[in-house]
Amino acid sequence: MVLNITEAAIYRVNEMLQEEDSQDKYLRFGVQGGGCSGLSYKLGFEDTMNEELDIVEEHDGLQVIINNQDAAIIEGTKIDFKQNMMGGGFTIDNPNAIVSCGCGSSFKTATNAGTPDPNC
C-alpha cells in the first residue's frame, strides 16, 4: 500500500460521497507542480481510472486512485481528518517531504523539487 488513510478520513470521504450522491466515484490522491515549495497535493473525486497509468488501492471499501508517477513521492503518506471548533479538514503527513511551506500544502522531496510558483 502506498497510502495510510485513517478511519476518520475514510468516514469523512464517504460522507462527502453520499452528500454528492457519488458512491460510484474514486478518490484520487496525487501531486502536481506548484506552490511555494514546488509540489502540491491533489485530492478529489473521479469517475474513471486509467489502468495503464494508475494504481488502485482499497481502504475499508474506499477506492483510491494514485498515478504511477506519484507513488514514489507519496509512499507512506498518512491522510487523516481532524475535527475542531472551526470545522475540520484533512491533514497530510508525507514522510518523503524534506521541505514544506508554512501552510503545509506545498512541499518538495529529496528527489523531486517540482516547479515552485514564482508568485508565492
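Treat the numbers as computed from the prediction; the structure is a model and nothing was measured. (Residues numbered from 1 in each chain as written. Predicted model: local features only at pLDDT ≥ 70, side-chain atom pairs only at ≥ 80, totals over all residues. Heavy atoms only, no water.)

Peer 1: How should I be thinking about the environment of E51 in this particular structure?
Peer 2: If you trace the backbone, E51 turns up in the loop between β3 (38-46) and β4 (54-59). Judged by its relative accessible area of 71%, E51 falls in the exposed class. Remark: the alpha-carbon pair of E51 and N67, spanning 16 residues in sequence, is separated by 9.8 Å. (Helix = DSSP H or I, 4+ residues; strand = E, 2+ residues; numbered from the N terminus. Buried < 20%, exposed > 50% of the residue type's maximum accessible area, 1.4 Å probe, protein only.)

Peer 1: Sorry, what's going on with the pairing of β3 here?
Peer 2: One face of the sheet, then the other: side chains in a regular strand alternate in exactly this way. Here nine bridges tie strand β2 (residues 26-34) to β3, and the two strands are oriented antiparallel to one another. Bridge pairing links G33 to L39 in β3. (Pairing = 2+ DSSP bridges.)

Peer 1: Whenever I open this one, the packing of aromatic side chains confuses me. Can you help?
Peer 2: Each aromatic ring pair is summarised here by two numbers: the centre-to-centre distance and the angle between the ring planes. Tallied over the full model, the rule gives two aromatic pairs. Where F29 meets Y41, the ring centres are 5.7 Å apart and the plane angle is 15 degrees; that geometry is what we call stacked. Of this pair, F29 sits in strand β2 while Y41 sits in strand β3; the two residues are 12 residues apart in sequence, bridging distant segments of the chain. By relative accessible area, F29 is classed as buried at 0%. A relative accessible area of 17% places Y41 in the buried class. Ring geometry for F81 and F90: centres 5.1 Å apart, planes at 65 degrees, overall edge-to-face. (Phe/Tyr/Trp six-rings, centres within 6.5 Å; stacked < 30°, edge-to-face > 60°.)

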